[in-house]
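# Coordinate analysis (summary)
Each chain, letter by letter, is given below.
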Number of protein chains: 6
Amino acid sequence: MSDIWLSTLITSTPQTGYDLAIKLSRMAVKMTQPDADIREKLRPGYAGNAADLIAISHIVAINFQTVSAANGYWDVDTASMT
Amino acid sequence: MSDIWLSTLITSTPQTGYDLAIKLSRMAVKMTQPDADIREKLRPGYAGNAADLIAISHIVAINFQTVSAANGYWDVDTASMT
Amino acid sequence: MSDIWLSTLITSTPQTGYDLAIKLSRMAVKMTQPDADIREKLRPGYAGNAADLIAISHIVAINFQTVSAANGYWDVDTASMT
Amino acid sequence: MSDIWLSTLITSTPQTGYDLAIKLSRMAVKMTQPDADIREKLRPGYAGNAADLIAISHIVAINFQTVSAANGYWDVDTASMT
Amino acid sequence: MSDIWLSTLITSTPQTGYDLAIKLSRMAVKMTQPDADIREKLRPGYAGNAADLIAISHIVAINFQTVSAANGYWDVDTASMT
Amino acid sequence: MSDIWLSTLITSTPQTGYDLAIKLSRMAVKMTQPDADIREKLRPGYAGNAADLIAISHIVAINFQTVSAANGYWDVDTASMT
């Protein structure tokens, strides 16, 4: 895992920020279970399980919070922190 | 998923911000399980399950936190960040 | 759900802010399961289940965080953000 | 529940703030299950169950975050927000 | 529980802050289950259970967030809040 | 555990910050279950279990939030807090 996969938290739009949040959510799983075959075998299980899907959305929400803050919520004029 | 579905976090009112929080919560599920048929089949299960409904409300709460911060809590005069 | 149910996050006291946090927690459930009869049937189950009650309190805690921040923690003199 | 039980988030010390975080965590349970007898019957179950105890500590942690922020972390000289 | 166990959130280093986060996580359990014997009997169960260990780490993460903010992330020059 | 393992929250890049978030997530588990053999025996279980992997990613997300804030989101020009 010496590849550079996260050089910045800055994205051009909220939507690409959301994509980054999903990437951040998946990367911890990859690092804990580096075997791609095992991860692939787990996929049908969680992708067809409501509780797992909800849990994944939960993590994305937290990472999206981080990415949104890093980007000043993409609109500095109306953002809360100005 | 190349459509633009999230161009801004800014909404005109807290209530439309809450609607956006729900949208954000659902989108991660869509991206993890892109098959609409499977998602539709899961719906009766979680919509009739208290624990799942509570878990969904949990995610909405986190996303609403993000949207609220992005909007300066919709009332800059009394918001905490001024 | 075209009714206005959330026009502001501002409340006069922490306690009414807590009430709003409970309302926010319930609304996501209503929107996911719009059928009031089904929700009512679920109530005895979760209201008598420790894990569900704990999970509900968890969501209220997150929403209360949002409402508290929106209100400057109701006491600007000693609040952290001044 | 017309009693005033939360007039302020300000406490004199971190420890009394922690006590308030516990109170906040319990109050949502009370409001969802107002029947004290039912709550009392649930107590031995969760108080002897590791997962439930952990879940309760989780909520206290979130509420303590709110109370700590409201109090400027009780030490404005070194707090992050000054 | 009239002892003073939390007089400040300020610690000298991130690591002692992390220790404090662990203490904060445990204290809510102690207050909910004051009987040390019962807590001790629960220990082998959760200490040998991956899901419980993960859940404990989760709480520590939240409390560490609070302690870190209280300490200005221990490095005011580069901290985000300056 | 008298070793120094956490002297700073500052990292040079978001990616090394993410690595630190993973380290923070694991350390609480180590402190709760200090026996490395037991932890090693638990590994195949959680590393092959979707719900556990998701739960681990959840903790990393929270710790990454803390590390990101500590580092000013690694880009002060566009960060929300400037």
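Now for a description of the structure that goes with this document. Residue indices follow the written sequence of each chain, beginning from 1 at its first position. Whichever chain is written first is A, and whichever ligand is written first is 1; the rest continue in order. Where local features are concerned, this predicted model is filtered to residues with pLDDT of at least 70; where side-chain atom pairs are given and counted, the filter is 80 or more; whole-chain, interface and lining totals use all residues. The basis for every side-chain value is the complete set of heavy atoms in the structure, and neither hydrogens nor water enter the calculation.

## Focus: the overall build of chain A
Put simply, DSSP H or I for four residues or longer makes a helix, DSSP E for two residues or longer makes a strand, and each gets a number counted from the N terminus. When you go through chain A residue by residue, the secondary structure sums to 3 helices and 0 strands. Listed N to C, the secondary structure of chain A is α-α-α in terms of helices and strands. Burial classes: relative accessible area under 20% of the type maximum marks a residue as buried, over 50% as exposed, and values in between as partly exposed (1.4 Å probe, protein chains only). The buried share among the 82 residues of chain A stands at 60%. A separation of at least 24 residues holds for 53% of the contacts in chain A among residues at least 6 apart in sequence. In what follows, a contact means two residues having at least one pair of non-hydrogen atoms within 4.5 Å.

## Regarding the interface of chain F and chain A
Counting residues at the interface gives 32 residues for chain F and 34 residues for chain A. Here, a salt bridge means any Lys or Arg side-chain nitrogen found within 4 Å of an Asp or Glu carboxyl oxygen. Remark: the boundary between chain F and chain A carries 0 salt bridges. What qualifies as a polar contact is a pair of N or O atoms within 3.5 Å, subject to a donor-acceptor requirement within protein and to the restriction that residues adjacent in sequence count only when both atoms come from side chains. Where chain F meets chain A, there are 9 residue pairs in polar contact (both at pLDDT 80 or more). Those elements giving two or more residues to the side of chain F that touches chain A turn out to be helix H1 (14-32), helix H2 (36-47) and helix H3 (50-70) of chain F. Here the element with the most residues in the side of chain F that touches chain A is H3 of chain F; it accounts for 13 residues. Charged residues are taken to be Asp, Glu, Lys and Arg, nonpolar residues to be Ala, Val, Leu, Ile, Met, Phe, Trp, Tyr, Cys and Pro, and polar residues to be all remaining types, Gly included. A per-class count over the side of chain F that touches chain A returns 18 nonpolar, 10 polar and 4 charged.

## Section: the relation of the copies chain F and chain A
Once turned by 60° and shifted 0.0 Å along the axis, chain F lies on chain A with an RMSD of 0.0 Å. Classification of the inter-copy transformation places it as that of a six-fold axis. Comparing interface residues between copies, only 19% of those in chain F also lie at the interface in chain A; the contact surfaces differ. Copies overlap after least-squares fitting; the atoms used are the C-alpha atoms of residues with pLDDT of at least 70 in both.

## Brief notes about helix H3 (residues 50-70) of chain B
Here, expected helix span is obtained from the residue count minus one, scaled by 1.5 Å. End to end, H3 of chain B covers 30 Å across 21 residues, agreeing with the expected 30 Å (1.5 Å per residue, within 8%). Taking the backbone nitrogen of Ala51 of chain B as reference, a side-chain oxygen 3.0 Å away marks Asn49 of chain B as the first, capping residue of H3 of chain B.

## Digging into the relation of the copies chain E and chain D
Superposition record for chain E on chain D: RMSD 0.0 Å, screw rotation 60°, translation along axis 0.0 Å. When the interface residues of chain E are mapped onto chain D, a mere 18% of them again fall at the interface, so the copies present different faces.

## Some thoughts on the interface of chain E and chain D
Taken together, the 34 residues of chain E in the interface contact 31 residues of chain D. Counting each side, the surface lost to burial between chain E and chain D is near 2,600 Å², with a carbon and sulfur contribution of 67%. Taken together, the links from chain E to chain D amount to 0 salt bridges. In this structure, the connection of chain E to chain D is made through 9 residue pairs in polar contact (both at pLDDT 80 or more). Every element with two or more residues in the side of chain E that touches chain D is listed here: helix H1 (14-32), helix H2 (36-47) and helix H3 (50-70) of chain E. When residues in the side of chain E that touches chain D are grouped by element, the largest group, 11 residues, is from H3 of chain E. Partitioning the side of chain E that touches chain D into residue classes produces 21 nonpolar, 11 polar and 2 charged. Here the quantity called buried area is the total loss of accessible area, with a 1.4 Å probe, experienced by two parts when brought into contact, counted for both.

## What to know about the packing of H3 of chain B against helix H1 (residues 14-32) of chain C
Interaxial angle, 0 to 180 degrees, is taken between N-to-C directions of lines fitted to C-alpha atoms, where a helix line uses only the stretch in contact. The N-to-C vectors of H3 of chain B and H1 of chain C enclose an angle of 120°; their axes lie 8 Å apart at closest approach. Between H3 of chain B and H1 of chain C, the angle falls in the class oblique. Along this stretch, H3 of chain B crosses H1 of chain C, giving a crossing that reads as right-handed. Residue-level inspection shows Leu53, Ile56, Ser57, Val60 and Phe64 of chain B of H3 of chain B in contact with H1 of chain C, the latter providing Leu24, Ser25, Ala28, Val29 and Thr32 of chain C. Across the contact of H3 of chain B with H1 of chain C, the residue classes break down as 7 nonpolar, 3 polar and no charged. Throughout, the term roughly parallel applies to angles under 35 degrees, roughly antiparallel to angles over 145, roughly perpendicular to angles from 65 to 115, and oblique to all others. Two helices crossing with the near one rotated counterclockwise from the far one by less than a right angle form a left-handed crossing, whereas a clockwise rotation gives a right-handed crossing.

## Some remarks on the pattern of salt bridges
Residues and elements named next belong to chain A. Under the defined criterion, the tally for this structure stands at 6 salt bridges over all chains. Between Arg43 and Glu40 there is a salt bridge whose closest N-O contact spans 4.0 Å. Here the residue Arg43 and the residue Glu40 both occupy positions in helix H2 (residues 36-47), the gap between them amounting to 3 residues, near one helical turn.

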